[in-house]
Amino acid sequence: MAVKRNKSTRIKPQNFMEVLRDVNPLTWQGDASWGWNFDIPFWAGTGELEALCELFFDNLATLLGTTGNAVNHIGYGLIAASWRNWGPPGYNFKIATDWEDMYFKWHIPACGVALLFGNLWYAWLACRLANKEKRTDVTAQPYGMNTTVIFITLYAMTLPALEKAHDKYIPWECNGDDGWSKSAECTKKYDDGAYDAAFYGWKVSVGVNFLVGLFEVLGCVLGEPIRWAFPRAALFTPLLGTGFVWLAFSPLQAIAQEPLMCVLPMFIVITGFFARVQYPIIKGKLVFPVALFAILVSVIIGWAGGCKHSTDIMAYGNTTPDYKIVSSKADIPDGYGSVVTSLAEFYNGQDFGKSNDPNATSLGFETCTGTDKKRAVDAWEKFAFKSGVMGGFGKGMGGLSDGVMKDWWPGALLFGIIGFTGTMTCVESADCAGDNYPMTETMIVDGIGTCLGAIFGSIYGTTVYIGHPAHKMFGAKIGYSIANGFIFLFLLCSGMFAYLHNVIPGCANGAILIFVGLFLSRQAFEESPVRHYPALFLGVMPFICNMMQLESGGNHTVNPGVSMLAPAGGVIVGVFLCTVTALVIDRNFIKATLFCVVLIFLSLFGIFASYNTITAKNGLRDSINGGYETINMFDAGNDMHNGWKWAVAWTLCAAYFAIHIPFQIGNPYCVVPVLPPVITNDDEDPYDWDPDAEESSEKLPA
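Residues numbered from 1 in each chain as written. Predicted model: local features only at pLDDT ≥ 70, side-chain atom pairs only at ≥ 80, totals over all residues. Heavy atoms only, no water.

It is worth spelling out the overall build of the protein at this point. The helix and strand inventory of the protein stands at 24 helices and nine strands. Considering only intrachain contacts with a sequence separation of at least 6, the fraction spanning at least 24 residues in the protein is 80%. By element, 63% of the accessible surface of the protein is carried by carbon and sulfur atoms, the whole surface being about 28000 Å². (Helix = DSSP H or I, 4+ residues; strand = E, 2+ residues; numbered from the N terminus. Contact = heavy atoms within 4.5 Å. Areas by Shrake-Rupley, 256 points an atom, 1.4 Å probe, with all protein chains shown as cover.)

Given below as structure tokens:
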């Protein structure tokens, strides 16, 4: 299952002019046919089915997980929170329900369109690769939801947009001396205001998503130069960070939360994918897909009661750190109730569909999302095969208007950079597995797919997916990609997705994600020189900080160091920390100095260091008034802005590295040869150099 570097068919450019040649998306195909290659089997048997199940449930897990964040946490948890009570009664809850409708009826079907586009394109690209290299053992690049960017934009863009809209559309004229009017006219204004608030949040999210896709397309000219200039370890940093933190570590937490339901499916996946134990249905012809096996086991245990928790109420003392556990609100004794929660909340979070509803009669879930019969039935009746699908086509483009997007475009630029950085990593990963796909075209297609989804109403970006080496290992070719696109088009446009969200436990998909995350983390180390392992470890740390920041419930962490490393998903900081560290390990002080100079300017504009110290002025998630994570020209007038500090730090580092250049053996600028030479061999180690041996004549590479 290991991916060997010598499988790559790519001819690496020897100079910058050759790099510029590769930037042209029309040169990659050469004289080979652009047509479909019918010699490639559409369906490669069991391996194709295994790859389809893995890709399908991988995408499904992302959509299910982000739906929980977008609808449950942001909608019913934060916008409809009981403490957000400065509007008419039920106003914030109505925003959450309207937001849920737009999410499932407009956004989700648009995701289906984008997924079909990308899956078909990359199947065609695999055919063109086969034509170019005159072989049929090609595997299409997987395509799916841009997990990293989705999580960031939900909390950096969607949430603040909904919070702003909540206040903007409150009909204050209906609030008199006697409180909020209950007249029919004002009731209609409440409903209209709530709808307008939800629509504004969705419109801003769609506009940001379109800009992210556009910036990804524009970034295509940087792909090949970055690939040429950066160490390979740095290119694998986003893959390692996302794979280890979000695809492995995060799902493992969800699995540990519900061991009765989730641990066995995790080991089914490990047994099937890492140990390669297969379960034949028809010997030699058909095996039962491991991913589907794990999902079914999790669903069976969950629906058999494996995720039920007590809904007894925990009421905390008003003046003492004591608590009482009772079965209902009526049983709360005097002196308690300053904070009221249910025991189930510790496992399932806030009961978003009940406790924030003005007509609610209970607290807390009895069971987790994905195993609740009532919610599943409600989702079917409300969304399955109902009208209104694609109702958001074109409407979200209003979010691009100057009056709206002027407040949000800097963040969109930052997220676009994150998006195309991830694409570059996936292309490099596929190349190491033996399929040399064009970097520039892949970045363009990813951006176009995101823009297409936004036009249809999607707030989520799409991208070439990490996981190509795993699908290559299965023996898949192009059928899994095509099938995945059409399955999701039906699933997301039929309204069935809302139902699946409530019948499949989240940790069921998490078991599959753990395999993908660990497999890709392994590849990052296999494809990097051993001496660069410290750089990889350093590069993954900002991703961990990003999780720590998001785990703070939408608020900032009290650790400024975490906040400094976490912005932009940890991608930008992680890549550059890994780059500079790898160059220093290689003793390539010229390149290390140049990268530090670049980082000086990136820090000043907030691309590298986009964290601002949180104050009462800028708020937690206020992207409008110089929010804490944004691109800006930071000043040194106070401690609110931190970019200038990083700029000074990189200046000091650049000076330190530059001092080494005149003293390095083999360096064209060497004056006094006393320091060890640059390392250029992947198998060489810094400790291999013997200072007492004859001076090396090795020259610094161009």
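Orientation of helix α2 (residues 46-79) relative to helix α17 (residues 479-493), taken along the N-to-C sense of each, is 40°, at an axis distance of 9 Å. Between α2 and α17, the crossing angle belongs to the class labelled oblique. Here α2 runs over α17; the crossing is right-handed. Contacts between α2 and α17 involve E48, A51, L52, L55, F56, N59, L60 and L63 on the former and, on the latter, G479, Y480, A483, N484, I487, F488, L491 and L492. For the contact of α2 with α17, the residue count by class is twelve nonpolar, three polar and one charged. (Axes fitted to C-alpha atoms, helices over the stretch in contact; angles between N-to-C directions. Parallel < 35°, antiparallel > 145°, perpendicular 65-115°, else oblique. Left-handed = near helix turned anticlockwise from the far one by under 90°. Nonpolar A, V, L, I, M, F, W, Y, C, P; charged D, E, K, R; others polar.)

In the structure shown here, the tally under the stated rule is 19 salt bridges. Its salt-bridge partner being R135, residue D137 comes within 3.0 Å of it at the nearest N-O pair. Exposure remark for D137: the relative accessible area of 42% places this residue in the partly exposed category. A relative accessible area of 17% places R135 in the buried class. Where R531 meets D586, a salt bridge forms, and the shortest distance between an N and an O atom there is 2.5 Å. Taken as a pair, R531 in the loop between α19 (506-526) and α20 (533-550) and D586 in the loop between α22 (571-585) and α23 (589-604) lie far apart in primary sequence, 55 residues in all. (Salt bridge = Lys/Arg side-chain N within 4 Å of Asp/Glu carboxyl O. Buried < 20%, exposed > 50% of the residue type's maximum accessible area, 1.4 Å probe, protein only.)

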